Amino acid sequence: MRGSETFQQDAQHHLAAGDVPAYMQQVGKSARAAASVLRRADTHVKNQALIAMASRVDAARSEILQANAQDMQRGRENGLDSALLDRLSLNDQRIDAMIEGLRQVATLPDRVGEIDGMRYRPSGIQVGKMRVPLGVIGIIYESRPNVTIEAASLCLKSGNACVLRGGSEASASNAALSRCLQAGLSDVGLPAGTVQVVATTDRAAVGEMIAMPAYIDVIIPRGGKSLIERISRDAKVPVIKHLDGVCHVYIDATADPAKALSIAVNAKTHRYGTCNTMETLLVDAAVADILLPELARAYAEHDVELRGCERTRALLPQALEASEEDWQAEYLAPILAIKVVDGVDEAIEHIERYGSHHTDAIVTQDYSLARRFMAEVDSSSVVVNASTRFADGFEYGLGAEIGISTDKLHARGPVGLEGLTTQKYIVLGDGQVRQ
């Protein structure tokens, strides 16, 4: 088999010639060759590579910041808004976080090779399952250069080669980070194809990447709804994704008022631009007249705009009238839709109709009602008496996450190291033959 370094040389030749399809084919071949090597790599080698990458990022701090300054200048010239510029921006503190992230992933348990469920069958054979890498993971993302480091570290630790395609707005930053990752791989003798950052901003590269099932086993898109919809529609490779984070908190009639206030305020105001932020608050009619004025005062302190149903506006005249679009909106902003409902049936019906199956919470003192809510709400995370903001790989004890999946097959919810692996059956015998 040709080495992935040779494939990469061919890739650079095709890129220089402007042949994006041929370039992506060589990137894919390099990744597939590297995946074969990674299946044999032990935990120590993978951890040493992560530590070497961290050292390389630290040593290249000035180069990374200079590259990021170029991206920031180009972003301002192209009219990127302040939120996108903030996500794009790097500084010493964010680079420190990248370095710490690499080192933390090195300390996480390695799930690859774990065997569970071994049992004897009447024939005398033993049957169980072994956890193994997916193979080659393609990740397509926008704006944030730190995703380059997060994605590379999680894919490497889980034994997968990865092909990373960042947004054009972060091209210089991602190129600088890519050089650090490549140097770290070289330091421990792992192939360059283990982590590849696509070196062209041509959008044709994305089209090629999502149509290479021979080389890429799964695609994970991280970005806006339009990006994820396009990839989900056009991909010929399995996709792990979520489209929206339309998250709800339902306050039941039995809820502890102090808990309800604290949870509902935190779920909305802790951070506005995350997919696990509450976008719609549902309040039982039995307690709406008591809780809504208190909640409105708390939201006013955070300058949150309220949009409500007719019954909400009767209690909160300052609230704007909520439209049909508001119930299905992912605002990612200090805006909140509020609906007064007649009990848990209407709450669950509303969540099923308008929710995105991401994260939904109930605040209640009724144990039976909590159990029913958990069973009937079909979301990747269902929360009882806590904020939706806990729907996160780190908070769930996964160490880190590559994203949150609202799919039902393979991975659901925060996708950590286990979500980047699969299982295969293993059978142990001692000469048995089937009769």
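Structure first, text after, so check above.
Please read all numbers here as calculations on a predicted model, not as lab measurements.

Cut-offs and rules
- Residues numbered from 1 in each chain as written.
- Predicted model: local features only at pLDDT ≥ 70, side-chain atom pairs only at ≥ 80, totals over all residues.
- Heavy atoms only, no water.
- Core = buried A, V, L, I, M, F, W, Y, C linked by side-chain atoms within 4.5 Å.
- Buried < 20%, exposed > 50% of the residue type's maximum accessible area, 1.4 Å probe, protein only.
- Contact = heavy atoms within 4.5 Å.
- Helix = DSSP H or I, 4+ residues; strand = E, 2+ residues; numbered from the N terminus.
- Arc of directions from axis to C-beta.
- Polar contact = N/O pair within 3.5 Å; in protein donor to acceptor, adjacent residues only side chain to side chain.
- Phe/Tyr/Trp six-rings, centres within 6.5 Å; stacked < 30°, edge-to-face > 60°.
- Lys NZ or Arg CZ within 6 Å of the ring centre and 35° of its normal.

Asks: Go over the nonpolar core, please, and point to the residues and values.
Replies: I64, I139, L164 and I219 are the most contacted members of the largest nonpolar core, which has 73 residues in total. Residue contacts for I219: discarding those within four places in its chain leaves G138, I140, M209, I210, I231, V237, P238, V239 and I240. If you look at the next biggest cluster of nonpolar residues, it comprises 38 residues, including M278, L281, L336 and V363.

Asks: Please set out helix α16 (residues 367–376) residue by residue, giving values where relevant.
Replies: Of the positions making up α16, those classed as buried are L369, A370 and F373. Buried residues in α16, looked at end-on, bunch into an arc of 100 degrees, giving them a common side. What points out from α16, more than 90 degrees from its buried face, is the exposed set Y367, S368 and A375. Those residues of α16 hidden inside the fold are in contact with β7 (247–251), α15 (344–354), β12 (359–363) and β13 (381–384). N-cap assignment for α16: the residue whose side-chain oxygen lies 3.0 Å from the backbone N of S368 is D366.

Asks: How would you sum up helix α10 (residues 225–234)? Please name residues and give values.
Replies: Buried within α10 we find L227, I228 and I231. Around the axis of α10, the buried residues are gathered within 95 degrees of arc, so they sit on the same side. Turned more than 90 degrees away from the buried face of α10, the exposed residues are S226 and R233. Its buried side turned inward, α10 meets β3 (136–141) and β6 (218–222).

Asks: Could you give me a rundown of the side chain of T364, with the residues and numbers involved?
Replies: With respect to the element layout, T364 can be found in the loop between β12 and α16. Side chain to side chain, T364 and T254 meet in a polar contact 2.9 Å long. Within the local environment of T364, its side chain forms a polar contact with the backbone nitrogen of D366, the two atoms lying 3.0 Å apart. Here T364 is in contact with D252, T254, A255, L369, A370 and N385, once residues within four sequence places are set aside.

Asks: So what's going on with the packing of aromatic side chains? Which residues, and what values?
Replies: Think of a pair of aromatic rings as described by two things: how far the centres are apart, and how the planes are tilted against each other in angle. Across all of its chains, the model carries 0 aromatic pairs by this definition. Lying across the ring of W327, K339 places its NZ or CZ 5.9 Å from the centre.

Asks: Can you explain the environment of A260? Please cite residues and give values.
Replies: Along the polypeptide, A260 turns up in helix α11 (residues 257–269). Note: C-alpha distance between A260 and L102 (158 residues apart in sequence) is 37 Å. For A260, the contacting residues outside a window of four places in its chain are I251, A255, L291 and V363.

Asks: Describe in detail the environment of L409, supporting the description with residues and values.
Replies: Inspection of the secondary structure puts L409 in the loop between β14 (403–405) and β15 (413–415). On the basis of relative accessibility, which here comes to 72%, the residue L409 falls in the exposed class. C-alpha separation for the pair L409 and V20, spaced 389 residues apart in sequence, amounts to 32 Å.

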